Amino acid sequence: MRGNLVTILIVCLLSVFLCDLTIARHATTTAPTPEEGEYIVGVGMADVTGPAADVNMMGYANPAQVTGGIHLRIYSRAFIFAHKDTPKKRAVFVNLECGMQGQGVTLQVLKNLKSKFGDLYNDQNVAISGTHTHSTPAGFLNYVLYDITSLGYVKETFNALVSGITTSIVKADASMQRANIYVSQKDLYNSSINRSPSSYEANPAEERARYKHNVDTRMTLLRIVHADTEEPMAMLNWFAVHGTSMNNTNHLISSDNKGYAAQQVESHFNKNQNGEPFVAAFAQSHLGDVSPNTNGAKCIDTGKPCERNSSTCGGKNEKCIAFGPGEDMFESTKIIGTYQRDLAMELWSNPKPKQVTGPISFIHQYVDMTNVTVHYNSTFSGKTCKPSMGYSFAAGTTDGPGAFDFTQGTTSANEFWNIVRNLIMKPSQELIDCQAPKPILLATGETTFPYAWSPSIVDTMILKVGQVVIIPVPGEFTTMSGRRLINTVKQVLSPSVEENQETEDDHYVIAGLSNTYSDYITTYEEYQVQRYEAASTIYGPHTLQAYLEQYEKLAKHLKKGPTLPKGPTPPDLLPDQLTFLPPVVYDGVPLFTNFGDVVKDVESTPYTVGQDVVTVTFRAGNPRNNLRTGDTYLSVERKDDSTGKFVEVFTDAHWSTRFIWERTSTVLGHSEVTIRWEPELHDAQKAVFRIRYYGDYKKLTGGIVTFEGVSSEFTVVKPSPIDVWPQSEDNLSKGHGQNILA
């Protein structure tokens, strides 16, 4: 959702003109002998957290939404699958806690893998899928359109992603061992709504009648266990919902609802883990029109529902915003994450899961999406277009509205905005005709200065692990687009199964935002409505049909061969990247103070669990001086009663902590860090803690100096029984679902 980047373009252009984006453990089954393990599986996890200060976040493209701390660190989780009979034929799936996967990042990761493993891992068998959180640093997508609000390329973001993804795959390769895989599916009803229902309703009535809901509610989960013991190894699941529980006022890096779910599951399984850590990935699917803000969109000035098709209030899109289910974005993130976590654990505990069997296979091809001729039937055909963004793109969505007078559902042009558009690039008549009925706001496919604005060549791919079919796609498919794609692939690989029916043996999932990001993909019918998703379908009205025909071809060749040619080579734009993000010049502190000094200390009176929040503020350096990848900016330390020594118990990767950085003087380079902790205490009535801050400041001469700060000691106590509300079933489950990890 990058409607707001139009604000930047327009302001800049007009300026120049005037002056000249309770857990159930795994079900016990008969433990097979080691040689019975069907697969060889490796899992690995690595930190990919980028700069926690000064960098615009990728997703909403709100120029004011720049990073200023950490809510949850973000990670890359890699899974490598091989069959016991063909151990060198491997499929790699990476779940990346990021807005999406960029083509340039993918190309660099593949280069790294080639240098280490030769041809074992390559573009044919590596899928990297983004979770679509909207609260991570931008500047890594290499195409101009996506990097406008980040002031161009951000090297720290790009390198953190490339390094972390590569490391997670290397770890997975090193951990490969015999495993069994089980698959389960179930619906999750309370975690998503369709944010463009009028668009969905443009699809044929008979097609809509095949489905109960206007979003896909199905979660598909792989339970991966050690072959010899059936002990937990890893979890991988797919569920379609946007990573927009954290809204566009947030400044803390966050993995959003899916990241919370993953952290909770991993924390549970790793409590008593002696060997390799358990890895849990909550992956993305066809989420294009799916929002986690389940209270729906309302007018913030009146509280009434927004106008349905334009998503406006009194003609203004800025007033139409979706919220919920929580009281604030943090609670909403936790609630939607909890729902996903609980269903995932229920599926993990399924006493009768389907065991996955069969070979590993994969197929991949690059496609130039700007000139594909498609055939719907014998009388109706069409052609894809060079990329363009429509007017409704600038309106944003109800998860994050845009600006000016743009509204969703716009199918006619405005003379003033066309003049502004033409200052950037006037679209050709051929492009206007091809993209109709989309009124073009940005002709990104015909704009090449200083380099390409949108991708032309994208990845298409299918991975098959036994009867589990993973369909990585290079963008955000809407609900009905995803259903059509699954049905297309299913009709080739499982031809006896009816279109909208689940198969007994084969399980199909779409892995969204994989390898390349090319915006949205709506159905032909949804495209005519021109809400945000359609205006962001960059290759025109026939985009989906082009993908359906391409993936049908992939499925046929995957099933019967022969192999396909690789297709056109995507460009490596890394050497062309420009950046206008100012560097950290220097850090300073007021006279007679030091970096790490406590500005505001903790309270001397005890903090009560569940009632109080601990905060402490330090004199700080800019977090961009050291990303502390795989490390932490903070440590909550508990005093050991027997030794008197302090031991780290929580870091900036934990839900209960927040690391908040704020600049207090740009000229003098002053800044402060506030560390916030919601106390946890499980094994005692009270305990003594302190909070440590790890920082780095930049000297005027350019050197980086590491320092630390530490709070005073403080006491945390459990609430007395009289302070605790009655633990009724209603109180425990209201708004959160059943807490099966308690």
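Residues numbered from 1 in each chain as written. Predicted model: local features only at pLDDT ≥ 70, side-chain atom pairs only at ≥ 80, totals over all residues. Heavy atoms only, no water.

**Points about the overall build of the protein chain**
Argument step 1. Along the backbone of the protein chain there are 14 helices and 38 strands.
Argument step 2. Relative to a compact globule of 742 residues, whose C-alpha radius of gyration would be 27 Å, the protein chain shows 26 Å and is just as compact.
Argument step 3. Within the protein chain, buried positions represent 61% of all 742 residues.
Argument step 4. Of the roughly 28,400 Å² that the protein chain leaves accessible, carbon and sulfur atoms contribute 52%. (Helix = DSSP H or I, 4+ residues; strand = E, 2+ residues; numbered from the N terminus. Rg over C-alpha atoms; globule rule 2.2 N^0.38 Å. Buried < 20%, exposed > 50% of the residue type's maximum accessible area, 1.4 Å probe, protein only. Areas by Shrake-Rupley, 256 points an atom, 1.4 Å probe, with all protein chains shown as cover.)

**Some remarks on the nonpolar core**
Argument step 1. Counting 116 residues, the largest nonpolar core has Ile-471 and Val-489 as its most contacted members.
Argument step 2. In contact with Ile-471, other than residues within four places in its own chain, are Met-461, Leu-485, Ile-486, Val-489, Tyr-508, Val-509, Ile-510, Ala-511 and Tyr-551.
Argument step 3. Counting residues in each nonpolar core, the second largest holds 29 residues, with Leu-236, Trp-238, Ile-360 and Leu-463 among its members. (Core = buried A, V, L, I, M, F, W, Y, C linked by side-chain atoms within 4.5 Å. Contact = heavy atoms within 4.5 Å.)

**What to know about the packing of aromatic side chains**
Argument step 1. Using the criterion set out here, one finds 32 aromatic pairs in the structure.
Argument step 2. Both rings, one in Phe-93 and one in Trp-238, keep their centres 5.5 Å apart while their planes meet at 65°; by these two values the pair is edge-to-face. Of this pair, Phe-93 sits in strand E5 (residues 86-96) while Trp-238 sits in strand E11 (residues 232-238), and the two are 145 residues apart along the sequence. Across the pair, exposure class does not vary: Phe-93 and Trp-238 are buried alike.
Argument step 3. Between Phe-618 and Tyr-693, the aromatic rings sit 5.5 Å apart at their centres with planes inclined by 35°, giving tilted as the arrangement. Highlighted residues: Phe-618 in strand E31 (residues 614-619) and Tyr-693 in strand E36 (residues 686-698), separated in sequence by 75 residues. Judged on exposure class, the residue Phe-618 and its partner Tyr-693 are both buried.
Argument step 4. Joined through ring pairs, the aromatic side chains of Phe-595, Phe-618, Tyr-633, Phe-659, Tyr-693, Tyr-697 and Phe-707 make up one cluster.
Argument step 5. When the ring centre of Phe-117 is taken as origin, the NZ or CZ atom of Lys-116, which lies over that ring, is 5.9 Å away. (Phe/Tyr/Trp six-rings, centres within 6.5 Å; stacked < 30°, edge-to-face > 60°. Lys NZ or Arg CZ within 6 Å of the ring centre and 35° of its normal.)

**Structural notes on the packing of helix H10 (residues 479-493) against helix H13 (residues 543-560)**
Argument step 1. Direction vectors running N to C along H10 and H13 enclose 25°, while the axes themselves pass 9 Å from each other. By the angle class used here, H10 and H13 are roughly parallel. Handedness of the H10/H13 crossing: right-handed. Of the residues in H13, those touching H10 at Ser-481, Arg-484, Leu-485, Thr-488, Val-489, Val-492 and Leu-493 are Leu-544, Tyr-547, Leu-548, Tyr-551, Glu-552, Ala-555, Lys-556, Leu-558 and Lys-559.
Argument step 2. Across the contact of H10 with H13, the residue classes tally to 10 nonpolar, 2 polar and 4 charged. (Axes fitted to C-alpha atoms, helices over the stretch in contact; angles between N-to-C directions. Parallel < 35°, antiparallel > 145°, perpendicular 65-115°, else oblique. Left-handed = near helix turned anticlockwise from the far one by under 90°. Nonpolar A, V, L, I, M, F, W, Y, C, P; charged D, E, K, R; others polar.)

**Some words on helix H2 (residues 103-117)**
Argument step 1. In this model, H2 (15 residues) spans 21 Å end to end at C-alpha, consistent with the 21 Å of a helix rising 1.5 Å per residue.
Argument step 2. In this structure, the buried residues of H2 make contact with strand E6 (126-130), helix H3 (155-174), strand E17 (360-368) and strand E24 (457-465).
Argument step 3. A positive phi of about 70° marks Gly-118, the residue just after H2. (Expected span 1.5 Å × (residues − 1).)

**Overview of a nonpolar patch on the surface**
Argument step 1. A cluster of nonpolar side chains, namely Leu-151, Leu-578 and Phe-580, defines an oily patch on the protein surface of about 300 Å² accessible area.
Argument step 2. Positionally, Leu-578 belongs in the loop between H13 and strand E29 (598-600). (Patch = residues over 30% accessible without salt bridge, like charges linked within 9 Å, V, L, I, M, F, W, Y side chains within 5 Å. Salt bridge = Lys/Arg side-chain N within 4 Å of Asp/Glu carboxyl O.)

**Some remarks on the state of the cysteines**
Argument step 1. Taken as a whole and assessed by the stated rule, the structure comprises 3 disulfides.
Argument step 2. Shown here is the disulfide that connects Cys-306 with Cys-320, its sulfur atoms set 2.2 Å apart. Taking the torsion about the S-S bond as the criterion, the Cys-306 to Cys-320 disulfide, at about 105°, is right-handed. Of this pair, Cys-306 sits in the loop between strand E14 (296-299) and strand E15 (320-323) while Cys-320 sits in strand E15, and the two are 14 residues apart along the sequence.
Argument step 3. Overall, the relative accessible area of 1% leaves Cys-320 in the buried class.
Argument step 4. Shown here is the disulfide that connects Cys-385 with Cys-434, its sulfur atoms set 2.1 Å apart. Looking along the S-S bond of the Cys-385-Cys-434 disulfide, the torsion reads about -90°, which is the left-handed sense. (Disulfide = S-S within 2.5 Å.)

**Considering the confidence of the model for the protein chain**
Argument step 1. For the protein chain, per-residue confidence averages 92 on the pLDDT scale, and 91% of positions sit at 70 or higher.
Argument step 2. Below a pLDDT of 50 lies the segment residues 10-34, which in the model reaches 63 contacts outside its immediate sequence neighbourhood of four places, other chains included.
Argument step 3. Considering only residues more than four positions removed or in separate chains, one finds that residues 727-740, a stretch of pLDDT under 50, has 24 contacts. (pLDDT = per-residue confidence, 0-100.)

**A closer look at the sheet that holds strand E25 (residues 468-472)**
Argument step 1. Within the open sheet, the 4 strands sit side by side as E17-E24-E25-E27. Their pairing is mixed. This sheet does not close on itself; its edge strands, each paired only once, are E17 and strand E27 (507-511). Taking each pair of neighbouring strands and ignoring which way they run, the sheet shows an average axis angle of 15°.
Argument step 2. Sheet topology note: the E25/E27 ladder contains 5 bridges and is parallel. The residue bridging Ile-470 from the neighbouring strand is Val-509, located in E27. (Pairing = 2+ DSSP bridges.)

**Quick look at the pairing of E6**
Argument step 1. Most of E6 sits inside the fold, with 5 of its 5 residues counted as buried.
Argument step 2. Side-chain alternation along E6 places Val-126, Ile-128 and Gly-130 on one buried face and Ala-127 and Ser-129 on a second face that is also buried.
Argument step 3. In terms of handedness, the path from E5 via H2 over to E6 forms a crossover that is right-handed. (Right-handed = clockwise from strand over helix to strand, strands pointing away.)

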